[in-house]
Amino acid sequence: MRKLVYYVASTLDGFIAAPDGSPDFLRLDPDVAAHLAAHWSQTLPTFAHPQFGIDEPEGRFDALVMGRATYDPALKIGVTSPYAHLKQYVFSRTLPPAAEPEVEIVSADPVEFVRELKRRPGRDIWLCGGGQLAGQLLPEVDELVVKLNPYVIGSGVPLTDSGFDPRRFELVGTRSFDSGVVIVHYARPAEA
């Protein structure tokens, strides 16, 4: 069965964006950018591939899920398919159907939809964001990969917005960079 992988940038205090939803303060340092281009190229927007020297993004994903707030910044700059190299599922009850064949607007329950999506043939699914959607989908998250940035911001959009619901993950690996970023990779423990 396909895995749902929550791959996201976060601050040390667990926020993925500022209170207004902007992640702009989380800069992409050259050492991290080179690593992402080499190992996580599918998680970079399609329109940015030329600046990273990416011809064909490679990796484990063929689909992503994201919330409306994560999709909105692309729409604001006129990009209606930010990850055109992947099938994109955007959860929204207010957006009209998308014109692009690789973008599907989903108004269904995210948990049920993702459970069904995981049963379909294909590669793994990237949970792109945001915090509210991640909070709803946390029981379905198989792996958590966090680009931990050396910032403390005090408030903003949390990594998961779900209320108190402890979930344990097992450490798979870490990778640190001179810029201070640490990528931590966790997996959901095997069922007992």
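Structure first, text after, so check above.
Calculation criteria
Residues numbered from 1 in each chain as written. Predicted model: local features only at pLDDT ≥ 70, side-chain atom pairs only at ≥ 80, totals over all residues. Heavy atoms only, no water. Pairing = 2+ DSSP bridges. Helix = DSSP H or I, 4+ residues; strand = E, 2+ residues; numbered from the N terminus. Axes fitted to C-alpha atoms, helices over the stretch in contact; angles between N-to-C directions. Contact = heavy atoms within 4.5 Å. Buried < 20%, exposed > 50% of the residue type's maximum accessible area, 1.4 Å probe, protein only. Salt bridge = Lys/Arg side-chain N within 4 Å of Asp/Glu carboxyl O. Phe/Tyr/Trp six-rings, centres within 6.5 Å; stacked < 30°, edge-to-face > 60°. Polar contact = N/O pair within 3.5 Å; in protein donor to acceptor, adjacent residues only side chain to side chain.

Q: Talk me through the sheet that holds strand 9 (residues 170–176); I want residue IDs and the actual numbers.
A: Spatial strand order, 5-4-3-6-1-7-10-9: 8 strands in an open sheet with mixed pairing. Pairing within the sheet leaves two strands with one partner each, and these edge strands are strand 5 (103–106) and strand 9. This sheet shows a mean twist of 20° between the axes of neighbouring strands, independent of strand direction. Taken strand by strand, helix 3 (residues 68–76) contacts strand 3 (61–67), strand 4 (87–91), strand 5 and strand 6 (124–129), and its axis lies near 100° from that of strand 3.

Q: An account of the environment of Ala98 is requested, with residue identities and associated values reported.
A: Within the fold, Ala98 resides in the loop between strand 4 and strand 5. Taking the relative accessible area as the measure of exposure, Ala98 reaches 27% and is therefore partly exposed. Counting along the chain gives 54 residues from Ala98 to Leu44, while the straight-line C-alpha distance between them is 21 Å. For Ala98, the residues in contact, after removing those within four places along its chain, are Val103 and Ile105.

Q: Describe the pattern of salt bridges, listing the residues and the values that go with them.
A: Evaluation of the coordinates by the stated rule reveals 14 salt bridges. Residues Glu143 and Arg60 are paired through a salt bridge, measuring 2.9 Å at the closest nitrogen-oxygen approach. Taken as a pair, Glu143 in strand 7 (residues 143–149) and Arg60 in the loop between helix 2 (49–52) and strand 3 lie far apart in primary sequence, 83 residues in all. Overall, the relative accessible area of 8% leaves Glu143 in the buried class. You can call Arg60 partly exposed: its relative accessible area is 27%. Two residues, Glu140 and Lys118, come together in a salt bridge whose shortest N-O distance is 3.4 Å. Linking Glu140 in the loop between helix 5 (131–137) and strand 7 with Lys118 in helix 4 (residues 110–119), this pair joins segments that are 22 residues apart in sequence. Like Glu140, the residue Lys118 is buried in the burial classification.

Q: Please set out the packing of aromatic side chains residue by residue, giving values where relevant.
A: Any two aromatic rings considered together are summarised by their centre-to-centre distance and by the angle between their planes. Within the structure shown, the criterion is met by 8 aromatic pairs. An aromatic cluster of three or more residues is present, and its members are Tyr7, Trp40, Phe61, Tyr83 and Trp126.

Q: Could you give an account of the side chain of Thr43, naming the residues involved and the relevant values?
A: Residue position: Thr43 is located in the loop between helix 1 (30–39) and helix 2. For Thr43, a relative accessible area of 8% gives the class buried. Within the structure, the side chain of Thr43 is placed 2.7 Å from the backbone oxygen of Trp40, a separation counted as a polar contact. Those residues in contact with Thr43, other than ones at most four positions away along the chain, are Tyr7, Phe61, Tyr83 and Trp126.

Everything listed here is a matter of coordinates, which is why it stays silent on function.
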